[in-house]
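# Geometric and topological summary
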Amino acid sequence: MKPKPKHGNPDSVRLQSKSGKNDRTSVYGIAPVMELLRSGSRRIEKVLISEGIRIKKFGEIVALAREHHVRSEKVAKREFLKFVDHAVNHQGVVAVTSAAEYYDADALLSEVIDNTQSLSLIFDGIEDPGNLGALIRTAEVVGVDGVFIPERRAAGLTEAVTRSSAGATEYVKVAKVMNVNRLIDDLKDNNVWVIGASGDADMDYWDWDWRQPSVLVLGSEGRGLHRLTSEKCDVLVKVPMYGKIDSLNVSVAGGVILYEARRQRSKT
């Protein structure tokens, strides 16, 4: 592929959402709490362990908390459940954290543009926390540079997303933007190829040259990409279906495409 003509300035548009912080929250589950402690990405007020739960990993969690100067304590089950909103999959451990900040959208945009081998993601209205968490987990293990999510009508970095990501939210740069289509324009104006995933595409996902600076756009569950977003993409690609079901879960489709991008890049 020939380089795209460069015109435009990433500093011309402010992308950052005004609501850059989540409310004070809790992160529960063994893997998410351990990754939160290891990452040091936000301040942890305390780690609580429910009485009556015995799992070997708890000793490791207590040791990690001590290492990072975080208080840990066992509490009665009734008290513990107040911090997990009575979820059943808490595994007996919860970290009570300070408000978590999203990564600055303008800073992430600049980083993506400046990296001639960037690979990033835009989520066009993914609403299911499980899907969002699974995609962030895949993004982390594949080595994606960052993720952009819209401010409205989309899942944010909730406890459910953190748990679904198995702690990957502590490592992946996730930025909120007010306008996805404006973001796409800025990326295109600065030599970043924008590739949308669509079941209606003519091109199979492996036929795209993912070795170029690329951003993959994934649409919402059921509806897919918004019409204008789809039209703004440089190219649309599909994951071909060979069975009787005509679509994949968005987190599965995103994972398939991202690993093809990583496979191509590993050969350069």
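A brief report on the enclosed structure follows.

The next point concerns unusual backbone geometry. It is generally the case that most residues other than glycine have a negative phi and that most peptide bonds are trans. A positive phi angle is found at His-69, which is not glycine, with a value near 60°. Along the chain, the position of His-69 falls in the loop between helix H2 (57–67) and strand S3 (71–75). Its identity is not glycine, yet Gln-91 carries a phi of approximately 60°, on the positive side. Tracing the backbone through its elements, the reader meets Gln-91 in the loop between helix H3 (77–81) and strand S4 (93–97). For Gln-91, a relative accessible area of 36% puts it in the partly exposed group.

To continue, consider the sheet that holds S3. Spatially, the four strands line up as an open sheet ordered S1-S4-S2-S3, and their pairing is mixed. Each of the sheet's edge strands pairs with one partner strand only, and the pair in question is strand S1 (25–28) and S3. Strand-to-strand twist in this sheet, taken as the mean axis angle between neighbours without regard to direction, amounts to 25°. In this sheet, S4 lies alongside strand S2 (residues 44–50) in antiparallel orientation, the contact comprising five bridges. Pairing of Ile-49 across the sheet is with Val-93, part of S4. Packed on one face of the sheet, helix H1 (residues 30–39) meets S1, S2 and S4 and runs near 40° to S4. Contacts between H2 and the sheet are confined to S2, S3 and S4, with S2 contributing the most and set at about 160° to the helix.

A few words on a nonpolar patch on the surface. A cluster of nonpolar side chains, contributed by Met-241, Leu-248 and Val-252, occupies part of the molecular surface with about 220 Å² of accessible area. Note on placement: Leu-248 falls in the loop between strand S11 (235–238) and helix H9 (250–266).

This model, assessed by the stated rule, comprises nine salt bridges. One salt bridge connects Asp-209 with Arg-211, and the closest N-O pair in it is separated by 2.9 Å. With a relative accessible area of 47%, Arg-211 lands in the partly exposed category. The closest approach of N and O atoms between Glu-260 and Arg-263, which form a salt bridge, is 2.8 Å. Within this pair, Glu-260 and its partner Arg-263 are both found in helix H9, separated by three residues, close to a single helical turn. According to the relative accessible area criterion, Arg-263 is partly exposed, its value standing at 38%. Here the residues in one salt-bridge network are Glu-35, Arg-38 and Glu-60, joined through shared partners.

Here we come to H9. Relative to the 24 Å expected for 17 residues at 1.5 Å per residue, H9 spans 24 Å between its end C-alpha atoms, a close match to the ideal helical length. Those residues of H9 that fall on the buried side of the exposure criterion are Val-250, Ser-251, Ala-253, Gly-254, Gly-255, Ile-257, Leu-258, Glu-260, Ala-261, Gln-264 and Arg-265. Where the residues of H9 are buried, they touch strand S5 (119–124), helix H5 (129–142), strand S8 (193–197), strand S10 (214–219) and S11.

Next up on the list: the sheet that holds strand S6 (residues 146–150). Read across the sheet, seven strands follow the order S7-S6-S5-S10-S8-S11-S9 without closing on themselves; strand pairing throughout is parallel. Of all the strands in the sheet, the pair left with one neighbour each is strand S7 (174–177) and strand S9 (203–204). Summarising the sheet, S9 and S11 pair through two bridges and their orientation is parallel. Across the sheet, residue Met-203 finds its bridge partner in S11, namely Val-237. Contacts from helix H4 (residues 105–114) reach S5, S6 and S7 within the one sheet, and its direction differs from that of S6 by about 135°. Contacts between H5 and the sheet are confined to S5, S6, S7 and S10, with S5 contributing the most and set at about 175° to the helix.

As for its placement among the helices and strands, Thr-229 is situated in helix H8 (residues 227–232). In this structure the side chain of Thr-229 is engaged in a polar contact, spanning 3.0 Å, whose partner is the side chain of Asn-181.

Right, let's get into the packing of H5 against H9. In the contact formed by H5 and H9, the axes pass within 9 Å of each other and the chain directions differ by 10°. Taken together, H5 and H9 sit at an angle that is classed as roughly parallel. For the pair formed by H5 and H9, the contact residues are Asn-131, Ala-134, Leu-135, Thr-138, Val-141 and Val-142 on the first element and Val-250, Ser-251, Gly-254, Gly-255, Leu-258, Tyr-259 and Arg-262 on the second. When grouped by side-chain class, the residues that make up the contact of H5 with H9 number seven nonpolar, five polar and one charged.

Here the focus is the packing of aromatic side chains. In total, this model carries two aromatic pairs according to the counting rule given. On the numbers, 5.1 Å between centres and 65° between planes, the contact of Tyr-205 with Trp-206 is edge-to-face. We classify Trp-206 as partly exposed; its relative accessible area is 35%.

Rules behind the numbers
Residues numbered from 1 in each chain as written. Predicted model: local features only at pLDDT ≥ 70, side-chain atom pairs only at ≥ 80, totals over all residues. Heavy atoms only, no water. Helix = DSSP H or I, 4+ residues; strand = E, 2+ residues; numbered from the N terminus. Buried < 20%, exposed > 50% of the residue type's maximum accessible area, 1.4 Å probe, protein only. Pairing = 2+ DSSP bridges. Axes fitted to C-alpha atoms, helices over the stretch in contact; angles between N-to-C directions. Contact = heavy atoms within 4.5 Å. Patch = residues over 30% accessible without salt bridge, like charges linked within 9 Å, V, L, I, M, F, W, Y side chains within 5 Å. Areas by Shrake-Rupley, 256 points an atom, 1.4 Å probe, with all protein chains shown as cover. Salt bridge = Lys/Arg side-chain N within 4 Å of Asp/Glu carboxyl O. Expected span 1.5 Å × (residues − 1). Polar contact = N/O pair within 3.5 Å; in protein donor to acceptor, adjacent residues only side chain to side chain. Parallel < 35°, antiparallel > 145°, perpendicular 65-115°, else oblique. Nonpolar A, V, L, I, M, F, W, Y, C, P; charged D, E, K, R; others polar. Phe/Tyr/Trp six-rings, centres within 6.5 Å; stacked < 30°, edge-to-face > 60°.

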